[in-house]
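# Overview (structure and organization)
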Amino acid sequence: MSQYVKKDDDRDEEAEYSPFSGIEKGAVLQEARVFNDPQLDSRRCSQVITKLLYLLNQGDTFTKTEATEVFFSVTKLFQAKDIGLRRMVYLIIKELSPSADEVIIVTSSLMKDMNSKTDVYRANAIRVLCRITDGTLLTQIERYLKQAIVDKNHVVASAALVSGIHLLQTNPEIVKRWSNEVQEAVQSRAALVQFHALALLQQIRQNDRLAVSKLVTSLTKGSVRSPLAQCLLIRYTSQVIRESSMNNQTGDRPFYDYLEGCLRHKSEMVIFEAARAITELSGVTSRELTPAITVLQLFLSSSKPVLRFAAVRTLNKVAMTHPMAVTTCNIDMESLISDQNRSIATLAITTLLKTGNESGVDRLMKQITNFMSDIADEFKIVVVDAIRSLCLKFPLKFRTLMGFLSNILREEGGFEYKKAIVDSIVTIIREIPDAKESGLLHLCEFIEDCEFTYLSTQILHFLGIEGPKTSDPSKYIRYIYNRVILENATVRASAVSTLAKFGAMVDSLKPRIFVLLRRCLYDNDDEVRDRATLYLNTIGGDGSVFETNKDVKEFLFGSLDIPLANLETSLKNYEPSEEPFDIRSVSREVKSQPFAEKKAAAKKPTGLGAPPAPTSAVDTYDKLLLSIPEFSTFGQLFKSSAPVELTEAETEYAVNVVKHIFDRHVVFQYNCTNTIPEQLLEDVTIVVDASEAEEFEEVATKPLKSLPYDTPGQTFVAFEKPEGVPAVGKFSNMLRFIVKEVDPSTGEAEEDGVEDEYQLEEFEVVAADYMLKVGVSNFRNAWESLGPDFERVDEYGLGPRESLKEAVSTVINLLGMQPCEGTEVVAANSRSHTCLLSGVYIGNVKVLVRLSFGVDSAKEVAMKLAVRSEDDAVSDAIHELVAN
């Protein structure tokens, strides 16, 4: 129930109140006894039902006893002749959802109302009956419902059709028998009846593509008069176009003429729906877009806010993929910057930022400056993101755009808004080298008054990475050291780390940094003192960094490419001894699901697309393999794959395999589950045929002694391969075992068993199995740090592809590397794309890849592959993998 607003004569004073505030369930249930009075007071009964409905909609629950008492009391109100009260009775019965045995009590009354001469009774009775009845009763009233669908009264017909839409979820077979009546209702002259009939008819046929296509074909010839039904038909037409385009190689687009014809409809909602449908077509051309853009441009100057909003939001989406097509609307959108509706104004600005040209940036920024103070933070964030994109599009305008961001950074705003600005400035600094020094100074000025600890620490961390690389790093020291003096302990500790990074990376600043760090030893916070002590022990008294502490320097000041979860687990498992903890022993990958696999896991995604496992699984495989004497001498485990299913779901035995990669060996761990309660499997082994994997030689097996029902077990097979070589091959598998029958009553197995075997699916060891997915926080810096010494660049033709997205995904999966900075996402209808990948190759060799894709009109994809690594042989191996 909505609250009412009472306004006094004095408009300055408004008091909000609700007539239901403070009511209690117990009191209302007491009032419900009025339903049992011999002389019914219709007005009072309606008020009590209203209160009951209010309680139910506010989340109050009635006990079974309370609900039953109210329900039985309400059924007595059917004797009242008041139409308003009867409608309230229908509502409360629907909300109470009586049980099957209670429904019988009101069924006769509702069926009587279904055949009443009062149309309002008939429509509501249909809705209630269909809501509370089960399939058994539904068959009894099916005849009445089919008659109601073609009833002359549009309210009754709509009620029956809407009920059919709901019943289709629970009793589809019954509803599908109404097709003829629904088909007739589609030709109705009543707008709502035609709308509901079309919706129901499409849902009945939705699993039959040919039937839906025929429906659309017949209706697009002009038999639909209702604007609502027309909008629905446009959506179904778009669906047919999408599905047909997947199989249509001729380039023809069926039904496009119908969508274009709808742009000339007299109803504004139909015009907009058609325009939006055209703009969302996959692979839409500029010629196809033009008529849709034209009508949307007319809507921009409409007097109706809803039309202006709909048009500018659609154009905003189009600008992401076809910015040039939207430029014709720029003048109209500029007038919307001052629109009273802030949502419209925000969308207009962000669209202009996507479509504007370089010469108009300064003028646009002046308009936005006055606008920013009038909108909420959530709208400001959208504008900031658009400005960042504009700056990357026109790098020469970075001073104007960076200045704008700096100004709004000093204004009032919440955390998310300030974070969006800081993130945008950081992105601009990374992507536009000329913007680095001015951008860093803007950030330094901001942290002087920053009230958010998180932002201060993030800016200091970024300063420690980028600041030492500037032409004059000393100018940032004052800002950093001020944080040590004036800030809270968390920011002070971060500032100490940043100072140490300057000292380690800039020779001329080392003595000065050493003095400042010594002052930090007297701080009143333990963390600050500990960090200062640590860095002073790393930097000598004369300010020089000890050469013998190369690993320490790399750990303290380099980028951490080890997942923190893995590091935490390894530290917890480390047992103090004479040997120090070796960070190189920490796994660089969050391993996939552990060996305890149930049959249900067969339905989950596997392979490279499988989700990462919980943190506790990181060292599970290491410990398991070390505990098996046959594999304990294989050395450090490099990588374990996600489970690969070798059986179909719902089969007698569920088996999947995990590939464990070592430097000279590969161990296959077969996770087996017996799904037959009456069987016990013993001496379970996997016979592996490696005839299609010539570089592998089987060296060890570990059978599984017993495999009871629904208890996962593991059997292993180990192969030797050339050291450090990414050998590949296909393996065939046969599950072999002795099966014994189990007595269901006692659970004991028979002594004698029968040898049996079960054919499993094949699997492959591929090149991606020798690559760890390890991300980098800053790809540009990582790329520059590897240098061009072992860089290899070449171009490849990938042939025809469904889309650029499919080509990018294929190459990523082929290499098995980690996409960086969100570059795995390809914009819709994009003709080119750059993807950045990072990983660690077997032998712990860091690898970075830069992929540049392009697609022509014939969907032929070309790719430029640039690889940098710590070993030229690895760079060559990546290219060889793609070439093959």
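These notes cover the structure that comes with them.

We now examine the pattern of salt bridges. Within the structure shown, the criterion is met by 34 salt bridges. Aspartate 377 is paired through a salt bridge with lysine 380; the nearest N and O atoms lie 4.0 Å apart. Taken together, the residues span about one helical turn, with aspartate 377 and lysine 380 both in helix H22 (residues 377-393) at a distance of three residues. For lysine 380, a relative accessible area of 9% translates into the label buried. The partner of glutamate 568 in a salt bridge is lysine 572, with the nearest N and O atoms 3.2 Å apart. Taken together, the positions of glutamate 568 and lysine 572, both in helix H32 (residues 564-573) and four residues apart, correspond to about one turn of that helix. Look at the salt bridges and you will find they share partners, linking Asp119, Arg122 and Asp151 into a network.

In the Ramachandran plot, aspartate 683 falls in the positive-phi region, its phi being about 50° despite a non-glycine side chain. With respect to the helices and strands, aspartate 683 occurs in strand E7 (residues 679-692).

Below, the discussion takes up the pairing of strand E5 (residues 653-661). With nine of nine residues buried, E5 lies mostly within the body of the structure. Judged by which residues are buried, E5 turns out to be covered on both faces: Tyr653, Val655, Val657, Lys659 and Ile661 on one side and Ala654, Asn656, Val658 and His660 on the other are all buried. As paired strands, strand E3 (residues 639-640) and E5 are joined by two bridges and run antiparallel to one another. Looking across to E5, one finds that lysine 639 is bridged to isoleucine 661.

It is worth spelling out helix H21 (residues 361-372) at this point. Between its first and last C-alpha atoms H21 spans 16 Å; for twelve residues at 1.5 Å apiece the expected length is 16 Å, and the two agree. Taken as a whole, H21 has its buried residues at Val361, Leu364, Met365, Ile368, Phe371 and Met372. Along the long axis of H21, the arc covered by the buried residues comes to 120°, so they all point the same way. Turned more than 90 degrees away from the buried face of H21 sit Lys366 and Asn370, all of them exposed. Buried residues along H21 sit in contact with helix H20 (342-355), H22, helix H23 (398-409) and helix H24 (415-431).

As a further point, take a nonpolar patch on the surface. On the surface, Leu192, Leu228 and Met269 cluster together into a nonpolar patch covering about 240 Å² of accessible area. Here leucine 192 shows up in helix H11 (residues 191-205).

Moving on: the nonpolar core. Core analysis: the largest hydrophobic core is formed by 187 residues, its most contacted members being Phe35, Ile93 and Leu353. Apart from residues no more than four positions distant in its own chain, leucine 353 is found in contact with Leu364, Met365, Ile368, Val383, Ala386, Ile387 and Leu390.

Attention now moves to the packing of helix H17 (residues 305-321) against H20. At a closest axis distance of 9 Å, the pairing of H17 and H20 adopts a crossing angle of 25°. By the criterion of interaxial angle, the relationship of H17 to H20 is roughly parallel. Handedness of the crossing formed by H17 with H20: left-handed. Here H17 contributes Pro305, Arg308, Phe309, Val312, Arg313, Leu315, Asn316, Ala319 and Met320 to the contact with H20, which in turn contributes Ser343, Ile344, Leu347, Ala348, Thr350, Thr351, Lys354 and Thr355. Taken together, the residues of the contact of H17 with H20 sort by class into nine nonpolar, five polar and three charged.

Reading the values: rules and limits
Residues numbered from 1 in each chain as written. Predicted model: local features only at pLDDT ≥ 70, side-chain atom pairs only at ≥ 80, totals over all residues. Heavy atoms only, no water. Salt bridge = Lys/Arg side-chain N within 4 Å of Asp/Glu carboxyl O. Helix = DSSP H or I, 4+ residues; strand = E, 2+ residues; numbered from the N terminus. Buried < 20%, exposed > 50% of the residue type's maximum accessible area, 1.4 Å probe, protein only. Pairing = 2+ DSSP bridges. Expected span 1.5 Å × (residues − 1). Arc of directions from axis to C-beta. Contact = heavy atoms within 4.5 Å. Patch = residues over 30% accessible without salt bridge, like charges linked within 9 Å, V, L, I, M, F, W, Y side chains within 5 Å. Areas by Shrake-Rupley, 256 points an atom, 1.4 Å probe, with all protein chains shown as cover. Core = buried A, V, L, I, M, F, W, Y, C linked by side-chain atoms within 4.5 Å. Axes fitted to C-alpha atoms, helices over the stretch in contact; angles between N-to-C directions. Parallel < 35°, antiparallel > 145°, perpendicular 65-115°, else oblique. Left-handed = near helix turned anticlockwise from the far one by under 90°. Nonpolar A, V, L, I, M, F, W, Y, C, P; charged D, E, K, R; others polar.

Remember, this is a structural readout, not a statement about activity or role.
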